[in-house]
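Residue-level listing of the chains:
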Amino acid sequence: MIKLLTLNTHSWMEANALKKLFDLAEHILAENYDVICLQEINQLIESELAIDLPGYQAIVGTPAIHKDHFALLLVHYLKKRGQHYYWSWAYNHIGYGIYHEGVAVLSKQPIEVSDVLVSAMDDETDYHTRRSLVAKTKLAGQEVAIVNVHLSWLDKGFLGEWQRLEQKLLALDCPLMLMGDFNNPTDKKGYQVILDSPLNLQDSHKVADQVFGDHSIVADIDGWEDNKDAFKVDHVFTSKDFVIQSSKITFEGGDAPVVSDHYGLGVELEWVKDNQRP
């Protein structure tokens, strides 16, 4: 069984952020996830550089990791509790005028990492600048590409971002797991573009044997100002090399405390047996 987690952490923008980081870590330890994709992973631009970077795989051109880097502190906490993760971070843009903001992948197994500039612009001062993080690793002994995304809204650049990402991923010769904050709700236009892709993906929440929860954001949050509805914009899409056992909304205040303005999504899956592959 392979266990995945994706969560838009909102990191240092959250009230009581350090406690929420510890709550996140404790849930990771309890659930023993193999791969974790985290979005809105921040560090202060002006904070002190870090020296001790256990398991970190750097991407060329990415800002140096600082001591207050949200993922670094998470990795340190997990390591002290006996769980080591390899990890990497792709830089997107300056957030709220004071942070380096990006996306991070944590993996129990070694990773080979790269980033994909999916936005039309490459300017850290423009919040439309977005990169996806691609981490090749092995799960249950077989190679897979983990793709962590934080994409734009449908009317603010999503279609172009998806086309650029899709072209890169079509060139990869291995099964895919796309995880993250897609900013496109289930069954809406942008979501359908993903399902119609020649990548031939499946939505964990549509095909799982067990499904829990139907939304990952509630009402008015950053990026969804004046929204009054509940949507699921955090997804796990995989190639059809996997059977999805369960797909469950988490960090919703039930099995795990609320730690962000997004809920998380935990998925359990396994490889399709060779004689059952579509």
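Scroll up for the structure.
Scope of this entry: the structure provided in the associated data block. (Residues numbered from 1 in each chain as written. Predicted model: local features only at pLDDT ≥ 70, side-chain atom pairs only at ≥ 80, totals over all residues. Heavy atoms only, no water.)

**Things to note about the pattern of salt bridges**
And step 1. Tallied over the entire structure, the rule returns 9 salt bridges.
And step 2. A salt bridge links Arg81 to Glu26, with the nearest nitrogen and oxygen atoms 2.3 Å apart. A residue pair is termed long-range when its members are at least 10 positions apart, and Arg81 in the loop between helix H2 (70–80) and strand S3 (86–95) and Glu26 in helix H1 (residues 17–31) qualify at 55 residues.
And step 3. Since its relative accessible area comes to 47%, Arg81 is described here as partly exposed.
And step 4. With a relative accessible area of 31%, Glu26 lands in the partly exposed category. (Salt bridge = Lys/Arg side-chain N within 4 Å of Asp/Glu carboxyl O. Helix = DSSP H or I, 4+ residues; strand = E, 2+ residues; numbered from the N terminus. Buried < 20%, exposed > 50% of the residue type's maximum accessible area, 1.4 Å probe, protein only.)

**Points about the environment of Gly55**
And step 1. Residue position: Gly55 is located in the loop between strand S2 (35–44) and H2.
And step 2. Separated by 29 residues in the primary sequence, Gly55 and His84 have C-alpha atoms spaced 7.7 Å apart.
And step 3. Setting aside chain neighbours within four positions, we find Gly55 in contact with His84, Tyr85, Tyr86 and Trp87. (Contact = heavy atoms within 4.5 Å.)

**Thoughts on the packing of aromatic side chains**
And step 1. Counted according to the given criterion, the structure contains 8 aromatic pairs.
And step 2. Taken together, a centroid distance of 4.6 Å and an interplanar angle of 45° make the contact between Tyr56 and Trp87 tilted. With Tyr56 in the loop between S2 and H2 and Trp87 in strand S3, this pair connects stretches of sequence that are 31 residues apart. For the residue pair Tyr56 and Trp87, the accessibility class agrees, reading buried in each case.
And step 3. Each residue in the set Phe182, Tyr191 and Phe237 is aromatic and connected to the rest through ring pairs, giving one cluster.
And step 4. The lysine or arginine in question, Lys3, covers the ring of Tyr33, its NZ or CZ lying 5.7 Å from the ring centre.
And step 5. For the cation-ring pair, Lys156 lies above Trp153, with the distance from its terminal atom to the ring centre recorded as 5.4 Å. (Phe/Tyr/Trp six-rings, centres within 6.5 Å; stacked < 30°, edge-to-face > 60°. Lys NZ or Arg CZ within 6 Å of the ring centre and 35° of its normal.)

**Structural notes on the layout of surface pockets**
And step 1. In this model, the second largest pocket occupies a volume close to 180 Å³.
And step 2. Around the second largest pocket sit 15 residues that line it, and Glu31, Tyr33, Lys248, Asp255 and Gly266 are the ones nearest its centre.
And step 3. Elements represented by at least two residues in the lining of the second largest pocket include exactly strand S1 (2–8), H1, strand S14 (242–250) and strand S15 (264–271).
And step 4. Considering each element in turn, the lining of the second largest pocket owes the most residues, 4 residues, to S14.
And step 5. In terms of residue class, the lining of the second largest pocket is made up of 5 nonpolar, 4 polar and 6 charged. (1 Å grid on protein atoms, 1.4 Å probe; cavity = no way out; pocket = protein on both sides within 12 Å on 5 of 7 lines; lining within 4 Å. Points joined across faces, edges and corners; volume = space filled by probe spheres on them. Nonpolar A, V, L, I, M, F, W, Y, C, P; charged D, E, K, R; others polar.)

**Describing the environment of Pro175**
And step 1. Here Pro175 lies in the loop between helix H3 (158–170) and strand S8 (176–181).
And step 2. The class for Pro175 is buried, based on a relative accessible area of 15%.
And step 3. In the structure, Pro175 is positioned 79 residues away from Tyr96 in sequence and 36 Å away in space, judged by C-alpha atoms.
And step 4. Apart from residues lying up to four places away in sequence, Pro175 is in contact with Glu143, Val144, Ala145, Ser239, Asp241, Phe242 and Trp271.

**Some details on the nonpolar core**
And step 1. Counting 28 residues, the largest nonpolar core has Leu24, Ile28, Ile36, Leu74, Trp87, Trp89 and Leu106 as the members making the most contacts within it.
And step 2. Going through the elements one at a time, S1, H1, S2, H2, S3 and strand S4 (99–107) are the ones with two or more residues in this core.
And step 3. Counting 26 residues, the second-largest nonpolar core is a separate cluster that includes Ile59, Leu139, Ile244 and Val267. (Core = buried A, V, L, I, M, F, W, Y, C linked by side-chain atoms within 4.5 Å.)

**Brief notes about H2**
And step 1. Regarding H2, the residues found buried are Phe70, Ala71, Leu72, Leu74, Val75 and Leu78.
And step 2. Buried residues along H2 sit in contact with H1, S2, S3 and S4.
And step 3. Backbone geometry just after H2 places Gly82 at a positive phi near 95°.

**What to know about the pairing of S8**
When a strand is regular, its side chains alternate between the sheet's two faces.
And step 1. For S8, a buried count of 6 out of 6 residues is recorded, marking the element as mostly surrounded by other parts of the structure.
And step 2. Across 6 bridges, strand S7 (residues 142–150) lies against S8 in parallel orientation. Paired with Ala145 across the two strands is Leu176, which belongs to S8.
And step 3. For the handedness criterion, the β-α-β arrangement of S7, H3 and S8 is classed as right-handed.
And step 4. As defined by bridge partners, S8 adjoins strand S13 (residues 234–239) across 5 bridges and the pair is classed as antiparallel. Residue pairing across strands places Leu178 opposite Phe237, the latter belonging to S13. (Pairing = 2+ DSSP bridges. Right-handed = clockwise from strand over helix to strand, strands pointing away.)

**Some points on the sheet that holds S3**
And step 1. One open sheet accounts for 7 strands, arranged S3-S4-S2-S1-S15-S14-S10; its pairing is mixed. On the outer flanks of this sheet lie S3 and strand S10 (210–212), each paired with one strand and no other. Between one strand axis and the next, the sheet turns by 20° as a mean value, whatever way the strands run.
And step 2. Note: S14 against S15, 8 bridges, orientation antiparallel. Residue pairing in the sheet places Ile249 in a bridge with Leu265 of S15.
And step 3. In the packing of H1 onto the sheet, contacts are made with S1, S2 and S14, and the angle to S1 comes to roughly 165°. (Axes fitted to C-alpha atoms, helices over the stretch in contact; angles between N-to-C directions.)

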